[in-house]
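# Structural features, examined
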There are 2 protein chains.
Amino acid sequence: ARRRVGRRVAAVNAAAPRRWWCELAWLGGPDATPGVLLEVGDDGALAAVTPGVANPPPGATRLAGLSLPGLVNAHSHAFHRGLRGRTQTGGGTFWTWREQMYGLAGRLDPERYLALAAATYAEMALAGITTVGEFHYLHHDPAGRAYADDAMSEAIVEAAGRAGIRLTLLDTCYLQGGISGPGRELGGVQRRFSDGLVGEWARRVERLREHPTLRVGAAIHSVRAVDPGAIELVAGWAAGRGAPLHAHVSEQPAENEACLAAYGCSPSALLAEHGALDARFTAVHATHLAAGDIGLLGSSGCSVCLCPTTERDLADGIGPAAALRAAGVGLCLGSDSHAVIDLLEEARGVELDERLATGRRGGHDPADLLADATSGGAESLGWSGGGRLAVGAPADFCTLDTSHPRLAGTFGPGGAGAAAAAVFAGAPGAISDVVVAGRAVVAGGEHLALGDVGAALAAAIDDAWRD
Amino acid sequence: ARRRVGRRVAAVNAAAPRRWWCELAWLGGPDATPGVLLEVGDDGALAAVTPGVANPPPGATRLAGLSLPGLVNAHSHAFHRGLRGRTQTGGGTFWTWREQMYGLAGRLDPERYLALAAATYAEMALAGITTVGEFHYLHHDPAGRAYADDAMSEAIVEAAGRAGIRLTLLDTCYLQGGISGPGRELGGVQRRFSDGLVGEWARRVERLREHPTLRVGAAIHSVRAVDPGAIELVAGWAAGRGAPLHAHVSEQPAENEACLAAYGCSPSALLAEHGALDARFTAVHATHLAAGDIGLLGSSGCSVCLCPTTERDLADGIGPAAALRAAGVGLCLGSDSHAVIDLLEEARGVELDERLATGRRGGHDPADLLADATSGGAESLGWSGGGRLAVGAPADFCTLDTSHPRLAGTFGPGGAGAAAAAVFAGAPGAISDVVVAGRAVVAGGEHLALGDVGAALAAAIDDAWRD
C-alpha cells in the first residue's frame, strides 16, 4: 500500500501547476497580504513566497479569497467519525461515552477501518486540513493478535494517501486497562489496543517506513494504559528516532486521582519523571492540570494539543489554555472524536470556552489561534517549520472563499483583520481549494480524487455498523 | 413598502408548487418518518401531512434528505451582522464590546439598515430559518428624532419581505441609559433608541400593520433602560393586543446588581411585579438568575430565549437551561448578535455549554432541543401552533441534505435517531431547501430571490463602515 501511494503522489505532482497566486494570503500577524505568489519546488516545498504581485502571472492558478497555511489536525481517532450524531441521546459521562466508542471499535477490520479513515480524512481535506496526526491504537485483531503486515496501520497510511493529506502516524502503546484494581486487566475490545509487551510495540512500529508525506511517531495512550517502565521505553524509542511523542494527559479528574493514588504525583509529573517531556512531546487535552503542571509543561518546551469541540462534547471541561500559552507551551489543535471536523471551530473554541470560564474576552490573540491551527500543529507532528507560507515549508495551503455568507464583510479593506475573521467566521463550507505538497487535493470545494465524500462516509459508516 | 411585499408574496404563491414530498421528515420525537407528503392550502398553512407515502406523487416537489419545521430565530439584532469578525481582537468584556456595537449603530440610516438587514435575513434563510424575531431598538435618527414614516421599522419589514422570511417585529422601548447615576441620561448613540416617552413609543408602534407573514410585538429593552412605570405601560399595551412581549433579562451580573440596589429585587421579580410576566412573555438570556427567579419564570408560563453563541462570544456565561426546562419554562433560541447564524449550533450549544458547566452529558433530549429551535420559537414570537409539521401550522419548512459530509452516516436506517443527528451534526451549509408560507425561498442551496447573498452582505457591510 505504501508504494502505491508514493507512486500516485509523484504522478499527480508531475502534472500539477507549480504556481498559485493568492488574492489575499495570511503570512502571520493580524492582517492578510494582498497579491501573494506561491511557487513550489520539485520537493513539494515552497520555493518562493512573493507578496505585492498585483495580478496572477501567466500559468499561475488564481486563488480568490483568503489563503492560509494548510490546517493541521494534531489529534485524530479516525474511526470515531462513525459515532457522530449517534452518542448524543441519554445521559452519562466520558466513561459511558467510552462504552459506546468501544462498541464501534470492536466491529472494525482492516477493510472497514480503511474505508472509514479514508472518508474521514477526505472530510478533513474538504475542511482545509492538510496534515493529520492519527493517534492510532486500534492495531490488533479482536482476539488481541497482531494482524499480518500490521494491516490496521497500513490501512491508516493508505487512507491518508487516498484522501491526499499528510500524515503523522502516532502509533500508540497501550498495555493495561487501568493503573490498579480489577480494571487493570485488559477487558473486551481493549485487547485490540495492546501489543502485549512494550518491546512488541517497538518491533511493530519499526516496520513502518516514512515517505515524503508520512512521518511515524509514538504515543503513550495515557498513564492509565502504560506503566512507568514502558513510558521510559516508548520515550526512549521516540528520542532515538527524533520522532514526535504524544500522550493523553489529564483529560478527566479520575485519571489524576488514580495517578496520584498509585504514584503520588500528577500524570504530567509522572511523564516528566520517566523521560517523556521535552520539545518533541505533546500532551493531549491537559484539561485538569494539577498545581505545578503548567510550569512543568512550560519549562519542558513541549506542546499541548487542545480539542475543544470534543472536550465540550464529552463534558471534560475547559483547560487552562491562556495560562499554558503564557508559560511558553506551544499550543496546537485536534478534532479528536470528530464530533465536528472544523479546525477553525477548534481555534475559536479555545478562546470562546475561556470566555465562558472567565467572563472576559480576548485571552488569546486571533493570530495566535490561527498559528495554533497551522504551525503549532506542524511542530507537534514533526513537520518542523511547516504550517507557514514561507520558503522551505511544505507547500500545504488552503483557501477560504471570503464571499461565502459566513465570511462576507468580516474584515476590512486590503485584508485588515483577516486573521480574526478566519478564526471567528471561517467554516468548512467556505473552503474552496486545498493544496498538499504542491498538488491540488480540493478545488472549487470538490475533492478531486474521491468526488462524493458524503457518499463515501455514509457507505463506510453504514457498513461498520452492519452486522 | 408593506404593500409591495404583500403583492410579491401573493404573486409567487400563485405559481408555486403546493405539494412537497419529503424523503424523511421530523414530526417530533427522536426519529424521522420516511415518505411524508406535505400539502399546502391557499392560506399558506399545511392542509395535510401524510406519512408513509413511498414515492413522490405527480406534481409534488421531491425533497431528498431530512425535512424539518422551519427554524425560528427568536432573538435578532440584524445590524450586528456587521460586527462579525471585527470585534474579536483585544480584551475586554460585554461592556467594551457594546462600545464597538454602538460605533456601528451610529452609522446606519434607513437605506443602510435595509440593505444590511435584508442581506442578514437572507443569510438566515440559507441557514433554514423561516421566522425571525427582530428586537428592534434602532428606530430614531442620530439626533434622537423620529424618522418620517418610521423609516427604520419599515426597513426591517421590507428586509424580511426581500429575504422571504416571516417576521415578528419586536418594537423596543428604551428610555434611559441606566437605572441611576450619571449613566441614567441617554448618551451618544443611545438617543437613537429612545422614543422619549413611553406614550410616544406606543403611538409609533400602533402605526405598524400586520400581514400574513408579519406580526408586531413589543419589547422592553431591559430593566436598565425602562423604568417600572413604563414597564407597566408596555406590558399593558402587549396584553391589550395579545402580542408577544420580550425583554433582555439578567444577561450580565451588573444588571442584577443595579436592579437590586434600586428596586430591592431581581430583574425577573421587577418585571413580574409590574405585569410583564405571562405566557406571552419571553425573557432573553436569563443567564444570571437570582434564587427564586427560575420558579417565578416557570410559574408564569413564560418563555426564555437562550442565545448560546452570543453568550459565549460576549463572555456572558452559561445559563441554567436544564433547570428552566424542568421548571416548565418554554425554551427558544436566538442568534442575537449573529457572531454566527446557525440555529442548530444554538440548539447544541444549550446542551454542550451545560456539559462544560456540569461535567455531565445529556441534560437535554435532542428532540427537545430541536423543538426549542422550531415550535418553541414560534410560540415565543406569536405564531401559536407554528414550528411543527402539522395540519394548520404555517407551511414553513427546511431540508437538510443528509448526504453532506457533515451529516453523512450520523443516524440509523429509516431515520432512527435523526433528531440528534440534525442538532449535533447539522450546519447551514447542509440546508438545501427552504419553504416559507408555502413558497420556495431557497432551493438547491440558492436564495431564489436574492441570488448571491455573500455579495449582498459584503456590499451592505462595506457601505455601513464607509465614511
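The sections below set out a description of the structure shown in this document. Once a new chain begins, its residue numbering starts again from 1 and follows that chain's sequence as written. In the order they appear in the text, chains get letters beginning with A and ligands get numbers beginning with 1. pLDDT decides what is reported in this predicted model: residues at 70 or higher carry local features, side-chain atom pairs at 80 or more are listed and counted, and totals for whole chains, interfaces and linings draw on all residues regardless. For side-chain calculations, the full set of non-hydrogen atoms in the structure is used, while hydrogens and water are omitted.

## Concerning the pairing of strand 3 (residues 46-50) of chain A
Residue and element names in this part refer to chain A. DSSP-based pairing: two strands are paired if at least 2 bridges between them are found. Numbering of helices and strands runs from the N terminus, with a helix taken as a DSSP run of H or I at least four residues long and a strand as a DSSP run of E at least two residues long. The sheet contact formed by strand 2 (residues 33-40) and strand 3 spans four bridges and is antiparallel. By the bridge assignment for strand 3, L37 is matched with T50. Counted along the chain from strand 2 to the antiparallel partner strand 3, the turn is five residues long, and its residue G44 has a positive phi close to 75°.

## Details of the pattern of salt bridges
Any two side chains of opposite charge can pair if their charged atoms end up close together. In the sections that follow, a salt bridge refers to a side-chain nitrogen of Lys or Arg positioned within 4 Å of a carboxyl oxygen of Asp or Glu. For the structure on display, the rule yields 46 salt bridges over all chains. Put simply, R388(A) and E379(A) hold a salt bridge, and the shortest N to O gap is 3.5 Å. Among the ionic pairs, E255(B) bridges to R224(B), the shortest N-O distance being 3.5 Å. With E255(B) in helix 7 (residues 253-263) and R224(B) in the loop between strand 8 (214-220) and helix 6 (228-241), the pair connects residues that are 31 residues apart, well separated along the chain.

## Some words on the sheet that holds strand 13 (residues 397-400) of chain A
Residue and element names in this part refer to chain A. Strand order in this open sheet of eight strands is 3-2-1-4-13-14-15-16, and the pairing throughout is mixed. Looking at the sheet topology across the chains shown, the edges are occupied by strand 3 and strand 16 (446-447). Looking at chain direction, strand 1 (residues 19-25) and strand 4 (residues 61-69) are connected through five bridges and run parallel. Considered in strand 4, the bridge of W20 is made with T61.

## Examining the packing of aromatic side chains
Residues and elements named next belong to chain A. Aromatic rings from Phe, Tyr and Trp, with only the six-membered ring used for Trp, were paired whenever their centres fell within 6.5 Å, and each pair was classed as stacked if the ring planes differed by under 30 degrees, edge-to-face if by over 60, and tilted otherwise. Applying the stated criterion to the full structure yields 18 aromatic pairs over all chains. Considering the side-chain rings of F79 and Y137, the 6.1 Å spacing of their centres and the 80° angle between planes classify their relative orientation as edge-to-face. You can see F79 sitting in the loop between strand 5 (71-76) and helix 2 (94-105) and its partner Y137 sitting in the loop between strand 6 (129-136) and helix 4 (151-163), a full 58 residues away along the chain. In this pair, the class of F79 matches that of Y137, namely buried. In this scheme, Lys NZ or Arg CZ marks a charge over a ring once it lies within 6 Å of the ring centre and within 35 degrees of the ring normal. Residue placement shows R215 over the ring face of W383; its charged tip is 4.1 Å from the ring centre. Here the term buried applies to any residue with accessible area under 20% of the maximum for its type, exposed to any over 50%, and partly exposed to those in between, with areas from a 1.4 Å probe on protein chains only.

## Brief notes about the relation of the copies chain B and chain A
Superposing chain B onto chain A takes a rotation of 180° plus a shift of 0.0 Å along the axis, which leaves an RMSD of 0.0 Å. Here the copies are linked by what is in effect a two-fold axis. When C-alpha distances to the rotation axis are compared across chain B, the minimum falls at G429(B), with a value of 3.0 Å. Residues reaching a pLDDT of at least 70 in both copies supply the C-alpha atoms on which the copies are superposed by least squares.

## Section: the packing of helix 12 (residues 343-358) of chain A against helix 13 (residues 366-380) of chain A
Residue and element names in this part refer to chain A. Here an axis means a line fitted to C-alpha atoms, over the contact stretch when the element is a helix, while the angle between two N-to-C directions is reported on a 0 to 180 degree scale. Running from amino to carboxyl end, helix 12 crosses helix 13 at an angle of 135°, the nearest separation of the two axes being 9 Å. In terms of axis orientation, helix 12 runs oblique to helix 13. Crossing angle aside, the handedness with which helix 12 passes helix 13 is right-handed. Between helix 12 and helix 13, the residues in contact are L343, L344, A347, V350 and E351 and L369, L370 and A373, respectively. When its residues are assigned to classes, the contact of helix 12 with helix 13 shows seven nonpolar, no polar and one charged. An angle below 35 degrees is treated as roughly parallel, one above 145 as roughly antiparallel, one from 65 to 115 as roughly perpendicular, and anything else as oblique. Handedness of a crossing is defined here by the sense of rotation of the near helix relative to the far one, left-handed for an anticlockwise turn of less than a right angle and right-handed for a clockwise turn. In this description, contact between two residues means that some pair of their heavy atoms is separated by no more than 4.5 Å. Residues were grouped as follows: Ala, Val, Leu, Ile, Met, Phe, Trp, Tyr, Cys and Pro as nonpolar; Asp, Glu, Lys and Arg as charged; and all remaining residues, including Gly, as polar.

## A word on unusual backbone geometry
All names here are of chain B. Unusually for a residue other than glycine, D150 sits at a positive phi of about 50°. Residue position: D150 is located in the loop between strand 6 (129-136) and helix 4 (151-163). Assessed through its relative accessible area of 4%, D150 is described here as buried. The phi torsion at D336 lies on the positive side, around 50°, for a residue other than glycine. Relative to the helices and strands, D336 is located in the loop between strand 12 (330-333) and helix 12 (343-358).

## Here's the deal with the interface of chain B and chain A
Taken together, the 54 residues of chain B in the interface contact 54 residues of chain A. Each partner contributes to the roughly 4400 Å² buried at the junction of chain B and chain A, and carbon and sulfur atoms together form 52% of this total. Defined here as a combined quantity, buried area equals the accessible surface (1.4 Å probe) lost by two parts on assembly, summed across both. It is R312(B), L356(B) and R361(B) that lose the most area in chain B upon contact with chain A, and together they represent 20% of the buried surface on that side. Between chain B and chain A we count six salt bridges in total. Across the salt bridge formed by D353(B) and R312(A), the nearest N and O atoms sit 2.7 Å from each other. Polar contact is defined as a pair of N or O atoms within 3.5 Å, subject to the rule that within protein one atom must be able to donate a hydrogen and the other to accept it, and that residues adjacent in sequence are counted only when both atoms are side-chain atoms. Taken together, chain B and chain A are joined by 22 residue pairs in polar contact (both at pLDDT 80 or more). Those elements that provide at least two residues to the side of chain B that touches chain A are helix 2 (94-105), helix 3 (110-126), helix 10 (308-313), helix 12, helix 14 (418-425) and helix 15 (453-465) of chain B. Top element by residues in the side of chain B that touches chain A is helix 15 of chain B. It accounts for six residues. A class-by-class count of the residues in the side of chain B that touches chain A yields 23 nonpolar, 19 polar and 12 charged.

## Comments concerning the side chain of T310(A)
Residue and element names in this part refer to chain A. Looking at the secondary structure, you find T310 in helix 10 (residues 308-313). Residue classification places T310 among the buried positions, given a relative accessible area of 0%. If we skip the residues at most four places from it in the chain, T310 touches D316, S335, D336, S337 and H338.

## Structural notes on the nonpolar core
In this text, buried Ala, Val, Leu, Ile, Met, Phe, Trp, Tyr and Cys residues form a nonpolar core when linked through side-chain atoms within 4.5 Å. Counting residues in each nonpolar core, the largest one holds 137 residues, and the members touching the most others are F79(A), Y121(A), L271(A) and F281(A). When residues of this core are assigned to their parent elements, the largest contribution, 11 residues, is made by helix 3 (residues 110-126) of chain A. Residues in contact with L271(A), not counting those within four places in the same chain, are I220(A), V223(A), I231(A), A247(A), V249(A), A276(A), L277(A) and F281(A). Within the second largest apolar cluster, 136 residues are counted, among which are A118(B), L167(B), A238(B) and A460(B).

## Focus on the environment of L457(B)
Mapped onto the elements of the fold, L457(B) is located in helix 15. The class for L457(B) is buried, based on a relative accessible area of 0%. Not counting residues up to four positions away in its chain, the partners in contact with L457(B) are P405(A), A408(A), R81(B), A119(B), T120(B) and E123(B).

## Focus on the sheet that holds strand 14 (residues 431-436) of chain B
Pairing in this open sheet of eight strands is mixed, and the strands run 3-2-1-4-13-14-15-16 (chain B) from one edge to the other. Each edge of the open sheet carries a strand with a single partner, namely strand 3 (46-50) and strand 16 (446-447) of chain B.

## Topic: helix 12 of chain B
All names here are of chain B. Here the expected length of a helix is defined as 1.5 Å per residue gap, with one fewer gap than residues. In this model, helix 12 (16 residues) spans 23 Å end to end at C-alpha, consistent with the 22 Å of a helix rising 1.5 Å per residue. Along helix 12, the helix axis deviates most sharply at G349, where the bend reaches about 35°. The buried fraction of helix 12 amounts to 14 of the 16 residues, a majority that puts the element mostly inside the structure. Capping the start of helix 12, D342 holds a side-chain oxygen 3.1 Å from the backbone nitrogen of L344, two or three residues further along. Of the residues flanking the end of helix 12, it is G359, one or two places downstream, whose phi is positive at about 75°. Axes are fitted to the seven residues ending at a residue and to the seven starting at it; the angle between these axes is taken as the bend at that residue.

## Structural notes on the side chain of R98(A)
All names here are of chain A. On the secondary structure map, R98 appears in helix 2. As a buried residue without a salt bridge, R98 has its nearest oppositely charged side chain in E99, at a separation of 4.7 Å. Beyond its immediate chain neighbours, meaning those up to four positions away, R98 contacts Q190 and R224. Positive: Lys, Arg. Negative: Asp, Glu. His and the chain ends are not part of the count.

## Looking at the packing of helix 13 (residues 366-380) of chain B against helix 14 of chain B
Residues and elements named next belong to chain B. Between helix 13 and helix 14, the least distance of the axes is 8 Å, while the angle of their chain directions is 60°. Between helix 13 and helix 14, the angle is such that the two are oblique. Remark: the crossing between helix 13 and helix 14 carries left-handed chirality. Of the residues in helix 14, those touching helix 13 at P366, A367, L369 and L370 are A419, A420, A422, V423 and F424. Taken together, the residues of the contact of helix 13 with helix 14 sort by class into nine nonpolar, no polar and no charged.

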